[in-house]
Amino acid sequence: MPAHRAATTTPRPERTGVSRRRFLGYVIAAPTLVVAAEMGREAVFGAPEASAVGIPSPPQPAELYDLLDVLRDTARPTANLIKIEVNRDGTVSFEMPRSDNGQGIITSTQMLIAEEMNLDPDQVIVTLADARPELVFNQLTAGSSSTFITYTPYRIAAALAQGRLLDAAALELDQDKSFLTSRQGLITGNNGKALPFGELTELAASSVTEVTDVVLKDRESFTVIGTPRTNSEARAMVTGKKQFATDLQIPDALPTVICRGPNLNSALNSVENIDEVRNMPGVTDVEEVDTGVAVRANTFGQAIDGVNAIRASWDGGTIEGENDESVLAKLREGELPLAVPPGVGETIEGDFVFYFRSNASLETNCAIADVRDGTAEIWGPAKNPIAGQAEIAKKLGIAQNAVTFHVTRGGGSFGRKLFTDAAEEAALVSQKMGKPVKLMWTRADDSRQGRTHPMATTRVRASVAGDSVASFEVRHTSVATEINPGLGEPISLAANKAPLGNLTVSQGIYVTTQVTPYNFGATTSLLNEVDMRFNTSSMRNIYSPDVAIARELMVDKIAEKMGKDPYEIRSEFTKLTRWRDTVDRAAEEADWGKSMPEGTAQGIAMHVEYKGVTCAVVEIDCRPETVNRQIRSARTGPRVTKVTFVADAGIIVNPRGYEAQMMGGINDGIANTLTASLRIDDGHFIEASWDNYFYTRQWNTPPEMNIILIEDSESPEPGGAGEAGVAATSAAVACAYARATGKTPEYFPILHKDPLPYEPYPTVPPVPPSPTNGLDFAS
């Protein structure tokens, strides 16, 4: 494993002029204590300090109102429907209307509630809520927004519960509330007598819903928030006890796999041998469905055997005859013009291509469905279960309230589980067969028929006037990015699917996420998308990794034109002092500018998003002996040997969890820039599994990581974590590669066009055979 230094935080300057604020909460009518919060407007602190170097650039939309603001504002109206309950056994339970796919928000939610109730986080039982249509926009897990949105309302509800319990204890102990202390579920009086929460919950309850106000803890009083904590499910993960969708034992829900066509979205024409497959060992059902031929069997192995035995004819799919070059040509036709003509000042231009990348997660698409008698019960991971519930009801022809969608823990997502493809498919198969099914996509399904990060181009033009940049233009052109769930409920979902609806949503996402963080004069960043009927998704960090790579490479070119160092120009031209301080800290920690052997180099890049700022400094080895090292069936190439990563993300609830997110983002960024891509050949993707899709592997993971987390008084709330590590790392790797080789790369990943180190799997049969020679390579 790579060595890395534990996350550290800088001392937080004392804030002045900030008083504790009162918030409204609700005591819900119930036999035991149940509370909820109203999501009030957050305190606004002083304007950030600006940096004065360079021609000032006006604020871009995302600097004033970004995606996190959008998602929080849509969640406000239903915050009071999210409840915390104190149980008779003394535990505190909470059904979280979000999806945990390994990012650790169950743990951080436990910490938020425990902080205000003076509990140990293990005393807070957090489960995942079923789809709740009444929450409207407030059950969407997206945009690294979960902790940002929930930080205040969850604490309000918890603080209200604590206050009610203290009131009840004061009555029982006949003591003034101010003399009581609360610790780990016990309220103790000044005479030493203690009452557990469980004995107080009925007394603290209310027979009618009441509105009350509450005061939250000062930041300086935190004892749980900001303390590193291991993921509360870590032991269950490593021992195999954690339950995912396909682990669930639902009566009569048998393994089911779908035989899919050879090309992307191939439609079934006919099946020659369906009865023959029905009679294969273990097979119980075979049915034609919209996406292929579904095979249900006693085991997944028997279902896969049935799938591979099917002889069928298919149409050419939605991208018949397409390849990388033809798709790129269509993208070029959709590129928007740059406004400032060449020759205004000294013009510097860059033109970059980003190839398709797989959005497959470690857990393949899967779901369990039981559709009978006009009702449907669904189990599966889902980041937008309300929209999924509505879509399933629509496809089945039943009412939405006839569909129960149980959200299960997911094994990775990175945007993939915003789409409920597997759940919708499982529901239709179950309806067709009249039996419960446990549907699983194969690795080949995920790679060849699943959702992808779309191919794109990014063009940048800068006009340099002496020691200033007069204009900086970005034009990003992408295969249409399907942001299918809208804001997580049926209305915006339907709007998304209307003509030009998805483009409208994509534009909104782009505008509220993209920031050029430098004083580069007249700055613009525009998006256009071209619909080519690919299956795409809002994959981790969406547009930002590609745009950041192009932007930061151009910053290095501007630095070269001005005779400045890459770090120096970033520090001088960064728009805000807070951002500049992050860049300066990264350069200091990484020993920027140190002497390095020929063929190796440092690269630096910064990124602003999710209410935070990140800066990465990487060291890369592009020497021939490293690039050409041999590993069986592997993509090796240049090696990132060290990453120094600094993040200013405001209040960090769980530093250990945040650090883990940055480590994952760093490896994503390395993959984006160097190795990971899908290749199109005659209407289908070549890659068919993880063994020939080159995400960052152990031999390309940095041996050294130094992750530094800064808490900044200018940011009084948490920023986003899940995607924050990707863009700056992607760009820093590209910049380091250019400095090490003397060549600015024009397409990504850099190894996309290298010869394949493997023989591609055929498209028929659709599921590649499992390897049988693993012991030959065991050491």
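Residues numbered from 1 in each chain as written. Predicted model: local features only at pLDDT ≥ 70, side-chain atom pairs only at ≥ 80, totals over all residues. Heavy atoms only, no water.

Colleague: So what exactly am I meant to see when it comes to the overall build of the protein chain here?
Modeller: Counting its regular elements, the protein chain contains 20 helices and 32 strands. Taken against the 2.2 N^0.38 rule, which gives 28 Å for 779 residues, the C-alpha radius of gyration of the protein chain at 27 Å falls within 12% of a compact globule. Counting only C-alpha atoms, the protein chain reaches 80 × 75 × 55 Å along its principal axes. Across the 779 residues in the protein chain, those meeting the buried criterion constitute 61%. Across the protein chain, contacts joining residues at least 24 apart in sequence account for 80% of those joining residues at least 6 apart. Accessible surface for the protein chain amounts to roughly 29,700 Å². Of this, 51% is attributable to carbon and sulfur atoms. Taking the average location of the 73 positive side-chain charges in the protein chain and that of its 99 negative ones, the two points are 2 Å from each other. (Helix = DSSP H or I, 4+ residues; strand = E, 2+ residues; numbered from the N terminus. Rg over C-alpha atoms; globule rule 2.2 N^0.38 Å. Buried < 20%, exposed > 50% of the residue type's maximum accessible area, 1.4 Å probe, protein only. Contact = heavy atoms within 4.5 Å. Areas by Shrake-Rupley, 256 points an atom, 1.4 Å probe, with all protein chains shown as cover. Lys, Arg positive; Asp, Glu negative; His and termini not counted. Charge placed at Lys NZ, Arg CZ, Asp CG, Glu CD.)

Colleague: Before we go on, may I ask you to explain the pattern of salt bridges in this structure?
Modeller: On inspection of all chains with the given rule, the structure shows 51 salt bridges. Note that arginine 475 and glutamate 473 form a salt bridge whose closest N and O atoms lie 3.2 Å from each other. Accessibility expressed as a relative area gives 3% for arginine 475, which makes it buried. Judged by relative accessible area, glutamate 473 falls into the buried class, the value being 3%. Note that arginine 623 and glutamate 625 form a salt bridge whose closest N and O atoms lie 4.0 Å from each other. On the accessibility criterion, glutamate 625 (55% relative accessible area) is exposed. The structure contains a network of salt bridges with shared partners spanning Asp66, Asp69, Arg72, Lys611 and Glu717. (Salt bridge = Lys/Arg side-chain N within 4 Å of Asp/Glu carboxyl O.)

Colleague: When you look at the packing of aromatic side chains in this model, what are you seeing that I'm missing?
Modeller: In this description, a pair of aromatic rings is defined by centroid distance and the angle of the planes. A complete count under the given rule lists 13 aromatic pairs for this structure. Centre to centre, the rings of phenylalanine 356 and phenylalanine 685 are 5.5 Å apart; their planes meet at 70 degrees, and the pair counts as edge-to-face. Note that phenylalanine 356 is positioned in the loop between β16 (346–354) and β17 (357–358) and phenylalanine 685 in strand β30 (residues 684–685), a separation of 329 residues in sequence. Residue phenylalanine 356 shares its accessibility class with phenylalanine 685, and that shared class is buried. (Phe/Tyr/Trp six-rings, centres within 6.5 Å; stacked < 30°, edge-to-face > 60°.)

Colleague: Please explain the environment of alanine 465 as it appears in this structure.
Modeller: Among the secondary structure elements, alanine 465 is positioned in strand β23 (residues 456–465). Accessibility expressed as a relative area gives 42% for alanine 465, which makes it partly exposed. Along the backbone, alanine 465 and isoleucine 368 are 97 residues apart, and their C-alpha atoms lie at a distance of 61 Å.

Colleague: What exactly am I supposed to notice about the nonpolar core here?
Modeller: A general feature of soluble globular proteins is that nonpolar side chains tend to end up buried together. Counting 97 residues, the largest nonpolar core has Ile558, Ile620, Phe645 and Tyr658 as its most contacted members. The element that contributes the greatest number of residues to this core is helix α20 (residues 726–741), accounting for 11 residues. When residues no more than four places from it in sequence are discounted, the contact partners of isoleucine 558 are Ile348, Ala462, Val464, Val469, Phe472, Phe520 and Ile569. In this structure, Leu166, Ala169, Leu195 and Ala422 belong to the second largest nonpolar core, which totals 76 residues. (Core = buried A, V, L, I, M, F, W, Y, C linked by side-chain atoms within 4.5 Å.)

Colleague: Just to check I follow, could you spell out helix α3 (residues 105–117) for this structure?
Modeller: Each α-helix turn comprises 3.6 residues. Residues three or four places apart therefore point the same way. With 13 residues, α3 ought to run about 18 Å at 1.5 Å a step, and its terminal C-alpha atoms sit 18 Å apart, in line with that. Here α3 lies mainly inside the structure; 13 of its 13 residues are buried. (Expected span 1.5 Å × (residues − 1).)

Colleague: So what exactly am I meant to see when it comes to the environment of serine 206 here?
Modeller: Here serine 206 lies in the loop between α5 (197–204) and β10 (210–215). Serine 206 gets classed as buried once you look at its relative accessible area, which sits at 5%. Through-space distance from the C-alpha of serine 206 to that of valine 27 is 6.7 Å; in sequence the pair is 179 residues apart. Residues within four places of serine 206 in sequence aside, it is in contact with Val27, Ile28, Ala29, Ala30 and Arg164. Side-chain polar atoms of serine 206 contact the side chain of glutamate 210, separated by 2.7 Å. (Polar contact = N/O pair within 3.5 Å; in protein donor to acceptor, adjacent residues only side chain to side chain.)

Colleague: What's the story with the sheet that holds strand β32 (residues 747–748) in this structure? I'm lost.
Modeller: Paired through backbone hydrogen bonds, the strands of a sheet run either parallel or antiparallel to each other. Strand order across the open sheet formed by 5 strands is β25-β24-β23-β16-β32, with mixed pairing between neighbours. Strands at the two margins of the open sheet, each flanked by one partner only, are β25 (522–530) and β32. Judged from the 9 bridges that link them, β16 and β23 form a sheet pairing that is antiparallel. Within β23, the position partnered with glycine 350 by the bridge is valine 460. Where helix α9 (residues 324–333) meets the sheet, its contacts fall on β16, β23, β24 (468–479) and β25, and the angle it forms with β23 comes to roughly 45 degrees. (Pairing = 2+ DSSP bridges. Axes fitted to C-alpha atoms, helices over the stretch in contact; angles between N-to-C directions.)

Colleague: Is there a simple way to explain a negative patch on the surface in this structure?
Modeller: Together, Asp315, Glu320, Asp681 and Asp682 make up a region of like negative charge exposed at the surface. Locating glutamate 320 in the fold gives a position in the loop between β15 (312–314) and α9. (Patch = residues over 30% accessible without salt bridge, like charges linked within 9 Å, V, L, I, M, F, W, Y side chains within 5 Å.)

Colleague: Before we go on, may I ask you to explain the side chain of asparagine 692 in this structure?
Modeller: Positionally, asparagine 692 belongs in the loop between β30 and β31 (704–710). At 3.0 Å, the side chain of asparagine 692 forms a polar contact with the backbone nitrogen of alanine 688. Excluding anything up to four places from it in sequence, asparagine 692 contacts Glu687, Tyr758 and Tyr761.

Colleague: Can you help me understand the sheet that holds strand β9 (residues 194–196) in this one?
Modeller: Taken together, the 3 strands give an open sheet; going across it, the order is β7-β8-β9, and neighbouring strands pair in antiparallel fashion. Where the open sheet ends on each side, the last strands, each with one partner, are β7 (181–183) and β9. Averaged over neighbouring strand pairs, the angle between their axes works out to 25 degrees when direction is ignored. With 3 bridges joining them, strand β8 (residues 186–188) and β9 adopt antiparallel strand pairing. Across the sheet, the residue bridging to leucine 186 is proline 196, located in β9. Sitting on the sheet, helix α4 (residues 146–173) touches β7, β8 and β9, and the angle it makes with β8 is about 50 degrees.

Colleague: Sorry, what's going on with the side chain of asparagine 273 here?
Modeller: In this structure, asparagine 273 sits in the loop between β12 (268–271) and α7 (274–278). One polar contact links the side chain of asparagine 273 to the main-chain amide nitrogen of arginine 311, over a distance of 2.9 Å. What asparagine 273 contacts, discounting residues up to four positions off in sequence, is Ala309, Ile310 and Arg311.

Colleague: I tried to follow helix α16 (residues 566–573) on my own but got confused; where do I start?
Modeller: Taken together, the buried positions of α16 are Pro566, Ile569, Arg570, Ser571 and Phe573. Considering only its buried residues, α16 is in contact with β24, α15 (544–562), α17 (577–590), β26 (600–609) and α20. The N-terminus of α16 is capped by aspartate 565, whose side-chain oxygen sits 2.8 Å from the backbone nitrogen of tyrosine 567.

Colleague: Even after reading the chapter, I still don't get the environment of tryptophan 314, so can you show me in this structure?
Modeller: Among the structural elements, tryptophan 314 can be located in strand β15. Between the alpha carbons of tryptophan 314 and methionine 39 there is a distance of 52 Å; along the sequence they are 275 residues apart. With near-sequence residues (within four places) excluded, tryptophan 314 lies in contact with Cys259, Arg260, Gly261, Pro262, Ser266, Ala267, Leu268, Asn269 and Gly292.

Colleague: I keep staring at the pairing of β31 and nothing clicks. Help me out?
Modeller: Along any regular strand, the residues point their side chains to alternate faces of the sheet. Burial runs high along β31: 6 of the 7 residues are buried. Sheet topology note: the strand β28 (residues 639–648)/β31 ladder contains 7 bridges and is parallel. Among the inter-strand pairings, lysine 642 is bridged to a residue of β31, identified as glutamate 704.

Colleague: Would you explain the packing of α16 against α17 in this entry?
Modeller: Packed helices, taken two at a time, are described by the angle between their axes plus the distance between the axes. Viewed as axis vectors pointing N to C, α16 and α17 meet at an angle of 155 degrees, and their least axial separation amounts to 8 Å. With respect to α17, the axis of α16 lies roughly antiparallel. Note on packing geometry: the crossing formed by α16 with α17 is left-handed. The segment α16 lies against α17, with Tyr567, Arg570 and Ser571 engaging Arg580, Val583, Asp584 and Ala587. For the contact of α16 with α17, the class distribution of residues is 3 nonpolar, 1 polar and 3 charged. (Parallel < 35°, antiparallel > 145°, perpendicular 65-115°, else oblique. Left-handed = near helix turned anticlockwise from the far one by under 90°. Nonpolar A, V, L, I, M, F, W, Y, C, P; charged D, E, K, R; others polar.)

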